[in-house]
Amino acid sequence: MTHPRILVIGVTGAGQGSVPVAYLDQILTADVLVGGSRQLDYFPEARGERLTLTCGIGAAADRLRAAQAAGQRAVVLASGDPLCYGIGSSLRRFFAAEELLFVPAPTAYQLAFAALGEAWHDAALLSAHNRPLDTVVAGVRTAPKAAILTDDRQTPAVIAQALLEAGLDPTTRCAVCENLGDAEQQRVVMTTLTELLEQTFAPLNVLVVWNSLPPDASVSPPTSEDTDAE
Ligand SMILES: C[S@@+](CC[C@H](N)C(=O)[O-])C[C@H]1O[C@@H](n2cnc3c(N)ncnc32)[C@H](O)[C@@H]1O
């Protein structure tokens, strides 16, 4: 018997509106729906069993494997692009590529640069989400601009402090892009590194920093490997 592929689909702050119509019905009628609580909340009318990722990626993978074996249709909801600092790489530890069908939404990086009206092909794409800041600090030096995913501990203020300690100019231009994709809550704040120290933001944000130092050729660009489950 051929097992159905597990649909791993990205959602932005626009919620259901960010999902292609062709896939919406698959989410609403899935037998098993796995995701972070924010993503699950976007689909209150979904009929299937719901599993929040707080159970851990191992338990979620076990449930997905059992669903697959039983011929049930399983869907995993991700934030943005599942394969960009997302649950996609965690799932690949448990499933072969052929067992998964990835449907990405725009990443938070793309939405941040779109909100700023700035090109991003020359940006360093970094994450402080659940990871040490030294990679972020080194990464900022590799490119003319950097976009940094944050979390509730590594906030824009904490990251700004680390960048100042690494020698960036206090007047370095920055932007914090909050709640991207949400038509009512999205907000962009233009600021500087030193001003960031005193500012607080919505929990969901991306920090963009325009590098004020000459690029450091001794630092390798960071990789984009990730195992985060939101
Ligand atoms: C684990 S990463 C997931 C990234 C995701 N896979 C992507 O492609 O954007 C979670 C971080 O992405 C950023 N993020 C995700 N959604 C966001 C949104 N709607 N607005 C602002 N930042 C967001 C935040 O920094 C958040 O802590």
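Structure shown above.
Residues numbered from 1 in each chain as written. Predicted model: local features only at pLDDT ≥ 70, side-chain atom pairs only at ≥ 80, totals over all residues. Heavy atoms only, no water.

Draft legend 1. Highlighting the overall build of the protein. Regarding its fold elements, the protein presents 8 helices and 10 strands. Relative to the compact-globule value of 17 Å for 230 residues, the protein shows a C-alpha radius of gyration of 19 Å, a close match. Across its three principal axes, the protein shows a C-alpha extent of roughly 60 × 40 × 30 Å. Within the span of the protein, comprising 230 residues, buried residues form 46% of the whole. Within the protein, contacts between residues separated by at least 24 positions form 65% of all contacts whose residues are at least 6 apart in sequence. In the form shown here, the protein has an accessible surface area of approximately 10,700 Å², with 52% of it arising from carbon and sulfur atoms. Positive and negative charge centroids in the protein, built from 15 and 26 side chains respectively, lie 6 Å apart. (Helix = DSSP H or I, 4+ residues; strand = E, 2+ residues; numbered from the N terminus. Rg over C-alpha atoms; globule rule 2.2 N^0.38 Å. Buried < 20%, exposed > 50% of the residue type's maximum accessible area, 1.4 Å probe, protein only. Contact = heavy atoms within 4.5 Å. Areas by Shrake-Rupley, 256 points an atom, 1.4 Å probe, with all protein chains shown as cover. Lys, Arg positive; Asp, Glu negative; His and termini not counted. Charge placed at Lys NZ, Arg CZ, Asp CG, Glu CD.)

Draft legend 2. Local environment of the packing of aromatic side chains. As enumerated under the stated definition, the model contains 1 aromatic pair in all. Sitting over the face of the ring of Trp210, Arg173 holds its NZ or CZ atom 4.2 Å from the ring centroid. (Phe/Tyr/Trp six-rings, centres within 6.5 Å; stacked < 30°, edge-to-face > 60°. Lys NZ or Arg CZ within 6 Å of the ring centre and 35° of its normal.)

Draft legend 3. Structural context of the site of the ligand. What surrounds the ligand is a group of 19 residues, the closest being Ser79, Cys84, Ala108, Thr150 and Asn205. Within the contact set of the ligand, an oxygen atom lies 2.9 Å away from a backbone nitrogen or oxygen of Asp81. Ala108 places a main-chain nitrogen or oxygen 2.7 Å from an oxygen atom of the ligand. When isolated, the ligand has an accessible area of 570 Å², and the protein chains bury 96% of it. Looking at the shell around the ligand, you find at least three residues from each of domain 1 (6-106) and domain 2 (109-210). (Near = heavy atom within 4 Å. Polar contact = N/O pair within 3.5 Å; in protein donor to acceptor, adjacent residues only side chain to side chain. Domains from an automatic or database assignment.)

Draft legend 4. Broad picture of the side chain of Glu178. Counting through the fold element by element, Glu178 comes out in strand β8 (residues 173-178). The exposure class assigned to Glu178 is buried, which follows from its relative accessible area of 4%. Reaching out from Glu178, the side chain makes a polar contact with the side chain of Arg187 at a distance of 2.5 Å. Leaving out residues up to four positions away in the same chain, Glu178 has contacts with Gln185, Gln186, Arg187, Phe201, Ala202, Leu204 and Asn205.

Draft legend 5. Main features of the sheet that holds strand β2 (residues 32-35). Taken together, 5 strands build an open sheet; the order of strands is β3-β2-β4-β1-β5 and the sheet is parallel. For this open sheet the edge positions go to β3 (49-52) and β5 (100-103), each flanked by a neighbour on one side alone. Within the sheet, the average angular offset between the axes of one strand and its neighbour, ignoring direction, is 20°. Sheet analysis places β2 next to β3, joined by 4 bridges and oriented parallel. Across the sheet, the residue bridging to Val32 is Glu49, located in β3. This element, helix α1 (residues 21-28), spans β1 (6-11), β2, β4 (74-79) and β5 of the sheet and lies at about 115° to β1. Across the sheet, helix α3 (residues 57-69) touches β1, β2, β3 and β4, and the angle it forms with β2 is around 155°. (Pairing = 2+ DSSP bridges. Axes fitted to C-alpha atoms, helices over the stretch in contact; angles between N-to-C directions.)

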